[in-house]
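Coordinates in review
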Amino acid sequence: MNPEQQQQIFRTLLSAMSAPGEIMSIPARPEPAPLSPACAGVCLTLLDASSAVALTGMAPTVAPWLNDHCRAPMVSLDEAQFVLGMGKHWNWESSQAPIGSEEEPEQGATLILELDNLNAGIPLQLTGPGISGTRNIAPRLGTGFLAFWQKQQSQYPRGVDLILCSQDQCLCLPRSVTICRFEEA
Amino acid sequence: MDYNFAYLDEQSKRAIRRSLLKAVAIPGHQLPFASREMPLPYGWGTGGIQLTAAIIGKNDVLKVIDQGADDTTNAVSIRQFFARVTGVATTTKTVKASIIQTRHRIPETPLQEGQIMVYQVPMPEPLFKLEPRRTETRILHALGDYSLMYLQLYDHITRYGRVAIGYDFPVMVHDRYLMSPSPIPAFDVPKMHMSPALQIFGAGREKQLYAVPPYSRVVPLAFDDYPFAPLQAQAPCAICGSQHSYKDEIILDDKGTRQYICSDTDYCEQHRC
Ligand SMILES: [Zn+2]
């Protein structure tokens, strides 16, 4: 992927992180990869030799692809800056990803998760920075996600940030956002 | 000379981009970044220039202001620099810009969703004058302990009867971090609160960056009985007549005759008719 495509994907991610829950299309379509086009584009844009990555539950072809295209060093989950995983298999009950320290909360990992679907899960309501009023989303995340998020909110500014990918789309959930179950009136 | 697009190499851009995403996720928190040498001296906004270089693309329209004006030496140099190393379109009109790099002002024209404000920051640490040790201020931010700053404001009130901070007025972001809004006048601070635009801040010499996402709470420090009340020249602009803009004071003669004109030159032009 060329620098111009990377710049465009970065700006999409910057917009998505600035507008939590808003589904955005990843503009450039990278070459064939063992990941969704959105996830591959995000990796090619953000990862390089100075970003430590851990994989959980990914196809065995992903690690060599990341090594060839990003040169990102593979590390264990508790040392990762970025974690690639499958949304539906993610173990929210005992997440091992780093959440940073009180002084350096930015050391909390970015989870890049592949999802089947960004809008067919349980309806959730978001409030917080980047959202004027409220925003409703329904990404299909595994059980225990809400409990995980509420626990992580109690540890703010420590925490992880999510980039959820499905096909050629993504949405971001920065740790600053408050998430609750959306109960229709 | 052959330059990479936007001058910075791709690896440096990627490092800044990763930090920017974290900065947006933790509003008001300062992050270190590997600040590079730029072909402009420190004090010329190299922090802001590096952030702009990391985000800018060929479809952007760039506006650069210094003290509200597009035509000062600093603003012209930075605008010409980016025109040369990116070929992007530039503008002086706030409404047409996708990226606005600024020193010392926020435009009077309300910002819109999708716009990005890039602030040049000389000193990112709001507690610097009260606690010069970086190791200590980091702990205070971690604890959210801003009593030093409240004490200073209280001291102002007992001495002067008001908080005498005209520029760089300390603000709380998302009710968590004390943040320097950069040396903008206190008059501009309310524009940051719940702004539809993304605001990012770069300090080149201090190697720090931070961000305020759109629609975020940005609240000036104050006491219940001494609410935030920035001073502002009451006279209308001598050129456009605006009552609402921030004014520069111009001394006209030896007798000290004064005139007030808008500091935001684009706004002032739009209001002449
Ligand atoms: Zn005027």
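Coordinates for the structure precede this section.
Small disclaimer: the values here were computed from a predicted structure and weren't measured.

Within the structure shown, the criterion is met by one cavity of 30 Å³ or more. Taken as a whole, the largest cavity holds about 60 Å³ of empty space. Forming the boundary of the largest cavity are Met17(A), Leu46(A), Phe82(A), Thr110(A), Asp161(A), Arg18(B), Leu21(B), Lys22(B) and Ala25(B).

Take the coordination of the zinc ion next. Residues and elements named next belong to chain B. Ligation of the zinc ion by protein atoms is provided by Cys237 (SG), Cys240 (SG), Cys262 (SG) and Cys268 (SG), these donors lying 2.2 to 2.4 Å from the ion. Seen from the zinc ion, its four donor atoms lie at angles of 105 to 116°, and the figure they make is tetrahedral. Each donor residue of the zinc ion belongs to the same chain, with the gaps between them written as C-x2-C-x21-C-x5-C.

So, about the packing of aromatic side chains. Throughout the structure, instances matching the rule amount to twelve aromatic pairs over all chains. Ring geometry for Tyr119(B) against Phe201(B): centres 4.3 Å apart, planes inclined by 10°, an arrangement best described as stacked. Of the two residues, Tyr119(B) is situated in strand E5 (residues 116-120) and Phe201(B) in strand E8 (residues 198-203); the sequence distance between them amounts to 82 residues. By relative accessible area, which is 0% here, Tyr119(B) ends up buried. Here Phe201(B) falls in the buried class, since its relative accessible area comes to 0%. With 4.8 Å between their ring centres and 75° between their planes, Phe169(B) and Phe228(B) make a pair best called edge-to-face. Taken together, the residues Phe169(B) in the loop between helix H5 (147-160) and strand E6 (171-173) and Phe228(B) in the loop between strand E10 (218-220) and strand E11 (247-251) connect sequence positions 59 residues apart. On the accessibility criterion, Phe228(B) (23% relative accessible area) is partly exposed. An aromatic cluster of three or more residues is present, and its members are Trp90(A), Trp92(A), Phe145(A), Phe148(A) and Trp149(A). The ring of Tyr177(B) carries Arg176(B) above its face, with NZ or CZ at 4.4 Å from the centroid.

A word on the sheet that holds E6(B). All names here are of chain B. With respect to topology, three strands assemble into an open sheet ordered E7-E6-E10, the strand pairing being antiparallel. The open sheet has two free edges, formed respectively by strand E7 (177-179) and E10, since each of these has just one partner strand. Direction aside, neighbouring strands of the sheet carry axes that sit 35° apart on average. Summarising the sheet, E6 and E10 pair through three bridges and their orientation is antiparallel. Note that in E10 the partner of Met172 across the bridge is Val219.

How big an interface is tends to be expressed through the accessible area that disappears when the partners come together. Taken residue by residue, the interface counts 37 residues in chain A and 35 residues in chain B. Here chain A meets chain B over a buried area of about 3100 Å², counting both sides, of which 58% is carbon and sulfur. At the junction of chain A and chain B, the tally comes to seven salt bridges. Among the ionic pairs, Asp60(B) bridges to Arg11(A), the shortest N-O distance being 2.7 Å. Sorting the residues of the side of chain A that touches chain B by element identifies helix H1 (3-18) and helix H2 (37-46) of chain A as the ones contributing at least two each. Broken down by element, the side of chain A that touches chain B gets its largest block of residues, eleven residues, from H1(A). Partitioned by chemical class, the residues of the side of chain A that touches chain B number 15 nonpolar, 13 polar and nine charged.

Residues and elements named next belong to chain B. For the structure on display, the rule yields 23 salt bridges over all chains. Between Lys13 and Glu10 there is a salt bridge, and its shortest N-O distance comes to 2.9 Å. Of this pair, Lys13 and Glu10 both sit in helix H1 (residues 10-25), three residues apart, roughly one helical turn. Glu10 carries the same exposure label as Lys13, and that label is buried. Among the salt bridges present, the one from Glu125 reaches Arg134, with a minimum N-O distance of 3.4 Å. In the salt-bridge network here, residues are joined through shared partners; they are Arg105, Glu108, Asp188 and Lys191.

How each quantity is defined
The written sequence of each chain sets the order in which its residues are numbered from 1. To read the labels, note that chains go from A and ligands from 1, taken in the order they are written. Totals for whole chains, interfaces and linings use every residue, but because this is a predicted model, local features are given only for residues with pLDDT of at least 70 and side-chain atom pairs only at 80 or more, for both listing and counting. The side-chain figures draw on all heavy atoms in the structure; neither hydrogens nor water molecules are used. Here a cavity means grid points, on a 1 Å grid over the protein atoms only, where a 1.4 Å probe fits yet cannot get out; a pocket means an open set of points with protein on both sides within 12 Å along at least five of seven lines; lining residues are those with an atom within 4 Å of a point. Grid points are joined across faces, edges and corners, and a volume is the space filled by probe spheres set on the points. Only N, O and S atoms count as donors, using a 2.8 Å cut-off from the metal and 3.2 Å for Na, K and Ca, and because water is excluded some sites may appear unfinished. Labels for metal geometry use angle windows, namely 85 to 135 degrees for all angles of a four-donor tetrahedral site, and for square planar (four donors) or octahedral (six donors) sites opposite donors over 155 degrees apart plus all others within 65 to 115; sites meeting none of these are irregular. Aromatic contacts are taken between Phe, Tyr and Trp rings whose centres are within 6.5 Å, Trp giving its six-membered ring; a plane angle under 30 degrees counts as stacked, one over 60 as edge-to-face, and the others as tilted. Every helix listed is a DSSP run of H or I at least four residues long, and every strand listed is a run of E at least two residues long, numbered separately from the N terminus. For the exposure calls, accessible area comes from a 1.4 Å probe over protein chains only, and a residue counts as buried if that area is under 20% of its type's maximum, exposed if over 50%, partly exposed in between. Lysine NZ or arginine CZ positioned within 6 Å of the ring centre and within 35 degrees of the ring normal marks a charge as sitting over the ring. Whether two strands pair depends on DSSP finding at least two bridges between them. Inter-axis angles, ranging from 0 to 180 degrees, are taken between N-to-C directions of lines fitted to C-alpha atoms, where helices are fitted over the stretch in contact. Residue contacts are counted whenever heavy atoms from the two residues lie within 4.5 Å of one another. Using a 1.4 Å probe, buried area is obtained as the accessible area two parts lose upon being combined, added over both of them. Note on definitions: salt bridges are taken to be side-chain nitrogens of Lys or Arg within 4 Å of carboxyl oxygens of Asp or Glu. Under the scheme applied, nonpolar residues are Ala, Val, Leu, Ile, Met, Phe, Trp, Tyr, Cys and Pro; charged residues are Asp, Glu, Lys and Arg; polar residues are all the others, including Gly.

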